[in-house]
Amino acid sequence: MFSKMHVVIDIGGTKTRLAGAHDLGAFLEPVIVDTRQNYREALDALYAAAVGASTGASIDGVAIGVPGVLSRDKRVLVHAPNLPKWNGAKIADDIESTVGAPTVLENDAALVGLGEATDGAGKGSAILAYVTISTGVNGARIVDGQIDRTTYGFEIGEQYVDDSARTFEELVSGRAIAARFNIPPRELGKDHPVWDELARLTARALHNTIAHWSPDRIVIGGSMMNEVGIPIDRIWTHLQALPRKNPALPEIVHATLGDFGGLWGGLARLRLAREQISLAPAGSIGQASV
């Protein structure tokens, strides 16, 4: 039995995925539990699940992805649209005190983007733009295998891509399309004309992302990018038709890590934290290990 384990957690609005890891190279069989809307109940459930995932070993470090805006020090979940009772939760501090291990907190989309950059479709990319189009819309910029610095995080879904007063997320997300047609998007069928409409809007959003971030590759994931969904080839066609100053467009590829991208990102984030601690001057970091 291993004496120490790490735990990686990806918290979604309805489901939470978590797994233990011996060596930060891969994780054990993931566990999927319902996400509790009440934060205190959720904290108890996370503790129990984390202890279970550690298989009896002491927990040496935790990485968590959460769906929302974090505080500047990445310790507090400031705003979570799908988990309103979690707003203001001091997640990193609370997990550290209950589990007894150093904890790093990241936005969930950013953590998935990190996973794709290190272990998925973005591997080998120096400047990666990750975009997820699912129930909501977001993304992240990953530079040299690390989540790029921001003040309050990335909000790709908040940009405007047409003449309406609706954001990109309000136009193309799974929630928006379900509300528009009164059925789950996948039930529209792959030949529905709405998919080309959404491809055109997505191309505009990616045009903006390319102009702002200058990536060498774009990885797109999320449930709206499945076989019944927005076709990448149509996004590419619409994107090529837009005027641009850059001499070439970055390649655009599908995400490959599926539902567990956040767990892979958690491993990568813990590896980075371990490297930062090993390089830091003695006594400059309070927690001994991750």
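None of these values were measured; they are calculated from a predicted model.

Criteria and cut-off values
- Residues numbered from 1 in each chain as written.
- Predicted model: local features only at pLDDT ≥ 70, side-chain atom pairs only at ≥ 80, totals over all residues.
- Heavy atoms only, no water.
- Helix = DSSP H or I, 4+ residues; strand = E, 2+ residues; numbered from the N terminus.
- Buried < 20%, exposed > 50% of the residue type's maximum accessible area, 1.4 Å probe, protein only.
- Pairing = 2+ DSSP bridges.
- Contact = heavy atoms within 4.5 Å.
- Axes fitted to C-alpha atoms, helices over the stretch in contact; angles between N-to-C directions.
- Arc of directions from axis to C-beta.
- Polar contact = N/O pair within 3.5 Å; in protein donor to acceptor, adjacent residues only side chain to side chain.

## With respect to unusual backbone geometry
- In this model, Thr55 sits at a positive phi of 50 degrees, which is unusual for a non-glycine residue.
- Positionally, Thr55 belongs in the loop between helix H1 (39-53) and strand E4 (58-66).
- Even without being glycine, Lys74 reaches a positive phi, approximately 55 degrees.
- Mapped onto the elements, Lys74 comes out in the loop between strand E5 (69-70) and strand E6 (77-79).
- According to the relative accessible area criterion, Lys74 is partly exposed, its value standing at 31%.

## Quick notes on the sheet that holds strand E12 (residues 251-254)
- Within the open sheet, the five strands sit side by side as E10-E9-E8-E11-E12. Their pairing is mixed. Of all strands in the sheet, those with a lone pairing partner are strand E10 (146-147) and E12, marking the two edges.
- Along the sheet face, helix H6 (residues 194-213) touches strand E8 (127-133), strand E9 (137-143), strand E11 (217-221) and E12 and points at about 150 degrees away from the line of E8.

## Brief notes about helix H5 (residues 174-181)
- Those residues of H5 that sit buried are Gly174, Ala176 and Ile177. Within H5, the buried residues cover an arc of 160 degrees as seen down the axis, which keeps them to one side.
- In this structure, the buried side of H5 is in contact with helix H4 (168-172) and H6.
- Asn182 sits one or two positions beyond H5 and adopts a positive phi of about 65 degrees.

## As for the side chain of Arg141
- Among the structural elements, Arg141 can be located in strand E9.
- Using a relative accessible area of 18% as the deciding quantity, one classes Arg141 as buried.
- Side-chain polar atoms of Arg141 contact the side chain of Asp148, separated by 2.7 Å.
- Residues contacting Arg141, with those up to four places away along its chain left out, are Ile127, Leu128, Gln146, Ile147, Asp148, Phe154 and Trp213.

## A short note on the environment of Arg141
- Sequence-wise, Arg141 and Thr209 are 68 residues apart; in three dimensions their C-alpha atoms are separated by 9.5 Å.
- Within the structure, Arg141 has its side chain in polar contact with the backbone oxygen of Trp213 (distance 3.0 Å).

## With respect to the pairing of E9
- Among the seven residues of E9, six are classified as buried, and the element is accordingly described as predominantly covered.
- Sheet analysis places E8 next to E9, joined by seven bridges and oriented antiparallel. Looking across to E9, one finds that Leu128 is bridged to Ile142.
- With antiparallel pairing between neighbouring strands as the criterion, E8 and E9 make up a hairpin whose turn holds three residues.

Worth remembering: the numbers are spatial, not functional.
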